[in-house]
Every structure is written in structure tokens, then in C-alpha cells.
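Analysis of the macromolecular model
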Amino acid sequence: MTQAIITSVAGPVIRARREGGFSLGEAVHVGEAGLLGEVVRLSGDEITAQIYEDTTGLAPGDSVEGSGLPLSVRLGPHLLGNIYDGLLRPLAAEDVAQRYHLRPLVEPGESVRAGEALAEVEGPAKAQVLLVPPDISEAKLDHIETGEATLDDVVARLTLPDGTSREIALAHDWPVRRPRPVARRLPPDEMMVTGQRILDSLFPIARGGRAAIPGGFGTGKTVLQETLAKWCDADVIVYVGCGERGNEMAEVLHEFPELEDPRTGRPLMERTVIVANTSNMPVAAREASIYTGVTVGEYFRDQGFNVTLMADSTSRWAEALREVSGRLGELPSESGYPAYLSSRMSEFYERAASVETLGGTRGSLTVIGAVSPPAGDFSEPVTSHTKRYVRTFWGLDRGRAQARFYPAIHPLQSYSEDAGGLVDWWTAHGNPNWRTQRSRILDLLEAQAGLERMARIVGKDAMPPTQQLTLLCAGLVDDAFLRQSAFSPTDRTCPPDKQTEMLGALMRFFDLAEAAVARGMKVEAIAGARFYRRLARMGEEIADGDPTRFAALVEEMETELAGLGREVSDAV
Amino acid sequence: MRFELGAGGAVTAIEGPLVFLRRVVKAGLGEAVEVEGGDGRARLGRIVALDEEGIVVELLESTAGLGIDDVTVRFRGEPMTMALGPGLLGRVFDGVGRARDGGPPVPEMVRRRVDTGTINPATRGLPKDFIETGVSSIDILNSLVRGQKLPIFSAGGLPHDRLAAGIAQTARLRGEDEAGFAVVFAGIGVSHDSAESFRAAMEQSGALEHTAMFLNLASEPSAQRLLTPRYALTAAEYLAFDEGRHVLVILTDMTNYCEALREVSASHGEIPSRKGYPGYMYSDLATIFERAGWIKGRAGTLTQLPILTMPADDISHPIPDLTGYITEGQVVLDRALEHRGIYPPVNVLPSLSRLMDQGIGEGYTHPDHPALAQQLFAAYARAARVRVLSSVVGRDGLTETDRLYLDFGDRFEAEFVNQGAMRGFDESFALGWEILAMLPPGELARLSDAQIEAHIAPVLARAEAEAGDG
Ligand SMILES: Nc1ncnc2c1ncn2[C@@H]1O[C@H](COP(=O)(O)OP(=O)(O)OP(=O)(O)O)[C@@H](O)[C@H]1O
Ligand SMILES: [Mg+2]
């Protein structure tokens, strides 16, 4: 073990005189309490380290011990269903004696290679697989256990080509800043179903995609992330609470065990890992928590799972970078952030991908980062750099949020570069018209913005009926389709089939209403029709998404509009 | 007391609130220090930086009168702590926890650090008990729950003090007695008058013996403001988690706190972030606000009602902005409403309570409370848009429906937001439906048919009957 002696302490950063070799990124233990830290700079005899715990009480003269290893976290089947701090140390009491059941997939004597599944592992949460470590390109399996084992028991032994042998346990360490290798990256052509209409139908994200949710305070970033964590069709959720509220973590901990994953019938908590570094926890660990989260995500991706990682909020991570950088005396760039902010962000988002794993299966890691721009201004550095690295952008709007119009995603400020690649997915899932329907809705919303500006000058009453109808249709899209309360037991998630039905009903309405107005019907009469209220509330009222009920609604609409039409022509 | 450095020789420089010492003792970061000048007055400070040669101490009291050659420095060997015990309530303390009411010190049962209190999120209970404040715009639309941190975003000259005192006097769980209730008031750089008027209000309502006050007055050193909320919260945590009380902490004015933070940061020569405030202001404020909550297995709760004044009425200023990113919502006071004589002048649209959904509805308030709130918000937001429209095209340029919204908005402000006496929940709830009934049922898309039937239809029937009578 190499040692160093502290020469100065300032907040989360210490400097020390070294006696022996240290390397950049090495984990260190500092002071009597052995506080965890990481070497961030080496120069001559001096090392600089950021400390991941409260540094109160540290003093010059205290010792620093090198670990000889890069900052790492412990990965294993125990992670699912639990809550950890920014460096993956348990926050809730962990059952160290927990036993897992092993079912070997390979016989002793067979040769195996990196990433290959050795055994199926069953524990309290969902079944997982034990893999050959990524750094072993080829080996022969000597021995493998069947039956029960704890995390650190040796469960398999491999012989490497050079004759040395390697013991494998259920848990292993992995450096947080090093991406786990994959065989190759795959194109983003499979949709991650979120159950949120405005996302899936207008701004979808592919598996392995990267999305950002920027928005001022209280606009709904956290609720949206929690909603996705609950209802998206991922196999594993990694929820990183980075510099946000303790109560929000508590909420996830309370709610998720009670909620059921609609696809498996199991408690949602069983597919979830929480990494929590709340705003009052040490700031350096906040910086690390993002890497910890992606590393955990990659670990599950390598087992062939579709993983979705939520990071709330990446702005707090960037601020932690800024704070540590300031303490290091680095030259600040834009808004005081270090010049390497952008490259760090790209490194992080690059770790999202749909991949063929080393073991030859398909897995994905989708990353969704919240961004908290100061004063809600999207031109600030973190938002603008994020925009360069994500393909999907869900911009939250303060005006919508204040009207309690949720999710407050602004349809004209959001985009999805994944959408083009997902047309086939929608066709395969029952909606061959998705592309045209989507652009019809986007056009309508675009037209609405223009007309509303005009209404502010001439007054709505003075507008021609066709324009009034455009406003009515756009308002209906907002109310009936884009709005979706996260707290409604019936509407909080909306499967693709139901989205397709709803889109169909809307399109039919646009056509019929247009024809009716052409016949001379009053727009206010359409808005006052009985079916109109049913249409506006269809998400809530047709809870099960039953196609026959949608058909009935469309029929009601047809008869009523025809009836209204007759009154008009009779009157003429 | 661990170590004392005699007069002379220890101090190398004094700059603003910072005292630079030669490093002749082993002391750690964050430890408390007392610096006594030739005048014999001990000043409290803490170690903020250390290297091999020197120690930097930040004084929380005035450095005026300190000379380089005549100071004595006492190292406490531990961070700032506070003695806690029974008898905190009914007392008045200064900004660093010393009795200022002439009474004896609080008997010491335990001694706690004033700056810890990182609650492990895994031990937190979920705040969900609805607190009735008596204010309609809060109870119905931005409900407060126990363990929440809900700031009041105010501005110079607005009646935030009156509102906070009113809430402190009224705030109870529905149908609960007083015994387990306590108020901790932290005056941070406040004027003597506003401290006194709060005290008088509490005295008048007979709640003074449930109240502990921590006062750092405007005339007192600003560096001390950094500690005042921490002493107050340490006491509040004792009352909540040791004595099992439901504690409401009023922190006023957090803007003064942030100004002090900026001042101290500048004196350290740190690189400032937005508007000169330090880059770590978010984290620093979080260490205060995150101390709200409740802990599984403990009887009491700690609810925070911080007050801040938005510089230049600007909600995007770093102080309200960073606060909003940490707290669980905000109650925004509005000057235009105040000018129209509306009290409390709560602008409900930018206001928000994030924990509301956990504390209202079935089993808490009324099953239809969430729908009522949703519909009121949607309608009032539309009214606000129509108002802008009508200011350009005039009332006549509006459609029939839009004119109804205009009237709805006016009545909502004049009768629902505006209130003389405090209102009970049921009264506010009924009033909400009453006003909503001005709009045609077809417009109420956030309500189910059953809700319209149950709450709107009776109002309409009554109105019809009255019209028939008249
Ligand atoms: N989809 C939704 N459905 C219903 N309510 C919502 C939805 N999204 C947000 N809300 C409401 O808005 C409030 C604020 O949302 P949220 O906490 O997610 O904001 P945020 O953007 O994460 O803010 P901050 O940056 O301060 O953390 C929630 O408490 C909830 O009441
Ligand atoms: Mg949030």
C-alpha cells in the first residue's frame, strides 16, 4: 500500500505529499475514518484527491492510503430492489447472508468466452445470469457449483489459455469510469414503449436511445421520470437521484414495492435499482453517482436485458463537476463550468446503446437525463451541450405546468431523431398510418400556434370558421391526447394499441368536423355536442382501451355530426 | 475546550471575517474556534481551510476591535454544537443559540452538531398528513403536508409575515389538539419590528409557549446568518425527533441568508457563479431545506415554511430559482393582487405543492378534492389567457365562452383567493365548486359526470331556485 500525508484541506478536495506511486483515478482512503476518495491530479510529489464523504475534522498530517485500484463499484445479483449511495454502498440494511440459487448453463470441460452465460441465478428479485468476466477472452470451465451460494462464494473456476486459473463469484468489482465492452452496437430501431402518448406517438425513443428532459423547477421532470420508471417496458430500471430531494427517493422506495409490473405481475421494485445521492449528501459523490448508475446499467445490459437509466438531474452532476473544478483552481469556462464539461457529458451519453453483447445476445441501455436549467433558460451551457448528445428532446414548458397541463412537454420545442427509424415498429405493432397521423398532429399544433397569435390581434370571433375549427381540433389534441395525468389510476399508462385507437378516433373527428363546417355547421355547436365531451375524456373513460368502445364512440360521433348537419341544412 | 493559543504570535492576518493563524496546533476542518480580542469579548468562528503552515478561521461575529498581537484563540476540538434539552419552547435565543431573553441556558441533555442531519433517504417516511392552514388557496390548491418544505416567495412590502404568522397559529391536522405542536421561528437578518410582530401574534393566540425563537437581527453580524437556520433546525429536530412534536419551522428571510453567503464567499476570494452568488449555493441551501421531513419510527415531524423576498420581484433570480429547485413547491405572492386589495395575495398559477397528491383525496380530505383542484387550475389558467386577449381585442372581441372565463377569473380572485378570516377545509371546498359552477358543464373536462352531478348540479339547482323565488 502506498501512502501520502495531507498538506491541505479545502471542502471536498485534499492535497497530499506522496511517498510511493499513485495513479490517476485510484481509490484512496483518507484519515482515521478511512474516508473514500479518488486521485484526480498528480504533479511531482503532490497528489490531489476528491473525497466522497464529509471532510469535517480532516487536518494536514492525516494519512492517505492508496488502494492500488481504480475507483470501482461492486456489481452482482443483489442490486435489484435495493437503494445505494453514489458509490453503490447500501443505504438500507443489506442481507449479507442472502442465498442465491444457481443453475449452470455450461458443463465443466467446455470452453467459454468473455460475456458468455455460465449459470442462471435466482434470488429474491428477478432471475439473472452469471457471466464470464469481459476480460477473459477464452477459458475452459473447470468447475461450477449447482444450488445455493452467497454473493462472495466462489461458484466457478476457469482455466485460462496460459494455464492460470480464475475464480468466479456472483459479485465482482468494476471501475465506474470504464465502459463495459460489447461485441457491437446495433441501430436504434426498436421502440421503448413508455406508455405516455405524447412520447410514444409524437416523440418516441428507441431502445438504446438517449433523451433529455429539460425544464425549470416544478415543471415535471421528476414525475415524468418516475412515471417512465414505473410503466416503460424495460426489464431493469436504474434510477439515479443525483443531487435531488430525499423525499423523492423515499417516495420511490415506498411506492414501487406496492406497484405491479403489468408485464410480469411482480412488484416494480424487483426490477429497480436506486442510486441516491441527494442534494445534502457530499458533492463529490454526486459527480460519481452518474458513472455508478451507467456502470450498473451496463452490467444488466450485458446479461441481455433492456435497461433504462433515469438520471435526475444531470445539471446537479455538472454543478458538482464545477464545484470540484473550482476547488482544484482550474480555469473556468462558460458560466464557471470547466472546459471539459462537454466531453464528460458526451462520455456519459455515449454509454447508452442497443448492443450485441460479448455473449452474443441482444441488450440495451437507454439513458434519460433530466436537466435543470437556471431560470428555465434552455440556452445555458448544460442544456445546450446536452442537446448535442441526445437524440430525443422532451422540453418542458412552464406555462403548461402552471396550468397543470401534464406532462408539460411542449410539442413545438421537442423532437425525436429516433422517430424516423420507428415507422416499421409501429407498422408491426398495428399502426401502419402512424407516420401520417403523427405529422398531421404536429402540423395542426404548428398551425394552432400561428392562429393563436392572430387571435390576439383580431379576436377569435372575427376568424373564419375553418380557422376556428383548427383551433378546436388542436385544443382537442391537447386535452384528449397529449394530457395524461401520472396520478390517474386509469390513464397513467396507455399501451400502444390504445394510442392507435385514440389517434384513429381523432383523425376521424378531424375529417368529419371539417366536412360539417364546410356544410355550414357552427364550430361552437360541434364543441357543445355530447360526443365531444366523451372524445375529450376518452383516455380516462375507456380505461381498458377496448376497441369496440372506441368504435362505439366513433359511431356516436358520426350520427351526432350528421344529425347536427341536418339541422343546419334544414334551417337553410 | 481542547487547546488555547495565548495572546500574540498566532495571528498572521485579519481580513474581513477571516482570521489567518499559524498552524501550531492540530485542528481539523470545520472545527469551532473562539477568538478573544483585547476587549475580552469572545467571538465564535470555524475553521474553513487548512494547510501545512496556516489555518483560516471564519468569524461569525464582528472582527472589529481585533488586533493581530492581542488575540487569544481557543480551539474547541469539535465542530459547532448546540446543547439541547427540555424547556426550549417559550424561549428566545440569539442567532447562535445563546439565550437572549435573560433566562438561564437550556439544560443540556444532549449536545448535537448544528450542521449534520443528512437524513438517509431509506429511513425517511413519506410525508402525507394534510395540514389545514385555513388559507383556501393553499388548502384546496397547494396543500401543505407534514414534513414538507414549502417556501413563501414574496417580495418587499408584501404581507408574508402576516401570512406566516397566520399559518403558524392555525396549522393543525384536521381535528387534532395542540399538545404535540411546536413552532420554531428563525429570524435571519430581520428587523426588530418584524421579530416583535411575530412574537406578538403568537402571544395573542396563546401559542407563545409552544414557540422557540432564534433571532439574528439586521444589526447583527451577517456571517452569523449562516448559522442561525442551522441552530434553529437543530433545536427543531430535537423537538420533533426526540420529543415527538410536530414542528413548524419558519425561516425568514432566506434572502438575507443568501446575501450573507455571497458576502462570505467573496471574502474567501471564490469564483462566483450567477449574480455573484457562489456556485455551491444550491448544495448549501439544500443542507438547510433537506432537514425537513419525518423519519420512520419517530413520532414527530419537521415542516419548513421558509420565506424569501425575491429581489426586484424576479422569480428567476438565483435565490428563488435555486430554492424552487430544492423545496417541495412554493407559494408565490403577487404584487398586482396585493394592489387590488386581495389578501392573501397568492398567485396560484406559479404556486405549487409537490406533496399535495400524497396528502389529499380519499382517506385524507375528500375523494373529489384532486379533481376540484385540477379543474380550478385549468379554468383559472384559461381565464388568465383570456384576460391577456381581452386587454388587446376588448371584451367584445371575445367569444361567449371566453367572456364567462373572464368573469370566472375575477370572481375566483375576489372570493376564493381573497379571504378575511381563516376558512375551514369544508368551507373552502364548497366555495371552489360554487365558483366553478359559473362555467358550462361542457367546459369542465377534468371532472367526471359523477363529479358534476354531485357538486356542480346542486349549485345550479340552488341558483335556479333562488332565481325562481326572486
Ligand atoms: N405527469 C404528471 N401528472 C400529474 N402531475 C404532474 C405530472 N408532472 C408533474 N406533475 C405535478 O407537478 C409537480 C412538480 O413536478 P416535478 O417534481 O416532477 O418537477 P421537477 O421538474 O422535477 O422540478 P425540480 O426541478 O424542482 O425537481 C408534481 O409534484 C406534480 O404535482
Ligand atoms: Mg425534480
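Computed from a predicted structure; not experimentally measured.

Brief notes about the overall build of chain B
Looking only at helices and strands, one finds 13 helices and 20 strands in chain B. Accessible area of chain B: about 16,700 Å², with a carbon and sulfur share of 51%. In chain B, which carries 44 positive and 64 negative side-chain charges, the distance between the mean positions of the two groups comes to 4 Å.

What about the state of the cysteines?
Taken as a whole and judged by the stated rule, the model has zero disulfides over all chains. Of the cysteine sulfurs around Cys232 of chain A, a residue in no disulfide, the closest is that of Cys494 of chain A, at 15 Å.

Some points on the domain arrangement of chain B
Residue and element names in this part refer to chain B. For chain B, the assigned domains read domain 1 (3–79), domain 2 (82–359) and domain 3 (369–469). The interface is formed by twelve residues belonging to domain 1 together with 13 residues belonging to domain 2. Summing both sides of the interface, domain 1 and domain 2 together bury roughly 1,000 Å²; the carbon and sulfur share of this comes to 62%. On the surface where domain 1 and domain 2 come into contact, there are one salt bridge. Between Glu61 and Arg98 there is a salt bridge, with the nearest N and O atoms lying 3.7 Å from each other. In this structure, the connection of domain 1 to domain 2 is made through two residue pairs in polar contact (both at pLDDT 80 or more). Put simply, the parts of the chain that give the side of domain 1 that touches domain 2 at least two residues each are β5 (42–50), β6 (54–59) and β7 (72–79). For the side of domain 1 that touches domain 2, the element with the highest residue contribution is β5, accounting for three residues.

Digging into the interface of chain B and chain A
Between chain B and chain A, the contact holds 78 residues from the first and 68 residues from the second. Ranking the residues of chain B by area buried against chain A places Leu29, Pro121 and Tyr325 of chain B at the top, with a combined share of 13%. Across the chain B-chain A interface, the total number found is 30 residue pairs in polar contact (both at pLDDT 80 or more). Listing elements by their share of the side of chain B that touches chain A, those giving two or more residues are β5, α6 (281–289), α7 (318–326), β20 (346–353), α9 (356–359), α10 (369–393), α11 (400–417) and α13 (449–469) of chain B.

Regarding the domain arrangement of chain A
Annotation of chain A at the domain level lists domain 1 (3–70), domain 2 (98–170), domain 3 (184–417) and domain 4 (434–571). Look at where the C-alpha atoms of domain 1 of chain A and domain 4 of chain A centre, and you get two points 64 Å apart.

Regarding the environment of Ala370 of chain A
Inspection of the secondary structure puts Ala370 of chain A in strand β24 (residues 362–371). Taking the C-alpha atoms as reference points, Ala370 of chain A and Arg404 of chain A, separated by 34 residues in sequence, lie 19 Å from one another.

Here we look at the nonpolar core
Core analysis: the largest hydrophobic core is formed by 83 residues, its most contacted members being Ile368, Trp394, Phe509, Ile526, Leu535, Met538 and Leu561 of chain A. Sort the elements by how many residues they give to this core and helix α12 (residues 496–518) of chain A lands first, with eleven residues. Shared between two domains, this core takes at least three residues from each, and those domains are domain 3 (184–417) and domain 4 (434–571) of chain A. The residues contacting Ile368 of chain A, other than those within four sequence positions of it, are Met192, Ile205, Ala211, Ile213, Gln225, Leu228, Thr308, Leu309, Met310, Ala311 and Trp394 of chain A. Core analysis: the next-biggest nonpolar cluster, separate from the first, contains 78 residues, Ala165, Leu333, Tyr343 and Phe416 of chain B among them.

What to know about the environment of Cys494 of chain A
Residue and element names in this part refer to chain A. Structurally, the position occupied by Cys494 is in the loop between α11 (465–482) and α12. Residue classification places Cys494 among the buried positions, given a relative accessible area of 0%. Spatially, the C-alpha atoms of Cys494 and Gly195 are 4.6 Å apart, while their sequence positions differ by 299 residues. Ignoring any residue separated from it by four or fewer positions in sequence, one finds Cys494 in contact with Gly195, Arg197, Gln484, Gln499 and Met502.

Section: the side chain of Thr255 of chain B
Residues and elements named next belong to chain B. Following the sequence through the fold, Thr255 ends up in helix α5 (residues 254–267). Look at Thr255 and you get buried, because its relative accessible area is 7%. A polar contact is formed between the side chain of Thr255 and the backbone oxygen of Thr309, at a distance of 2.7 Å. Dropping the residues within four chain positions of it, Thr255 is found in contact with Leu308, Thr309, Pro311 and Ile319.

Criteria and cut-off values
Think of each chain on its own: its residues are numbered from 1, step by step along the sequence as written. All chains are assigned letters beginning with A, and all ligands numbers beginning with 1, in the order in which they are written. Two thresholds apply to this predicted model, a pLDDT of at least 70 for residue-level local features and 80 or more for giving and counting side-chain atom pairs, whereas whole-chain, interface and lining totals are computed over all residues. As a rule here, side-chain values come from all non-hydrogen atoms in the structure, and water together with hydrogens is ignored. Starting at the N terminus, helices and strands are each numbered in turn, a helix being any DSSP run of H or I of at least four residues and a strand any DSSP run of E of at least two. The protein chains shown are the only cover counted for residues, whose accessible areas, like all others here, come from Shrake-Rupley with a 1.4 Å probe. When charges are tallied, Lys and Arg are placed among the positive residues and Asp and Glu among the negative ones, while His and the ends of the chain are skipped. The atoms used to mark charge sites are NZ of Lys, CZ of Arg, CG of Asp and CD of Glu. We call a pair of cysteine sulfur atoms a disulfide whenever their separation is within 2.5 Å. Residue ranges for the domains trace back to a domain assignment, done automatically or taken from a database. The contact definition used throughout considers only heavy atoms, calling two residues in contact when any of these lie within 4.5 Å. Using a 1.4 Å probe, buried area is obtained as the accessible area two parts lose upon being combined, added over both of them. Note on definitions: salt bridges are taken to be side-chain nitrogens of Lys or Arg within 4 Å of carboxyl oxygens of Asp or Glu. Pairs of N or O atoms within 3.5 Å make up the polar contacts considered here, provided that, within protein, one atom can donate a hydrogen while the other can accept it, and that residues adjacent in sequence are counted only when both atoms are side-chain atoms. Residues belong to a common nonpolar core when they are buried Ala, Val, Leu, Ile, Met, Phe, Trp, Tyr or Cys residues joined through side-chain atoms within 4.5 Å. Think of it in three bands: residues with accessible area under 20% of the maximum for their type are buried, residues over 50% are exposed, and the middle band is partly exposed, with areas taken using a 1.4 Å probe on protein chains only.

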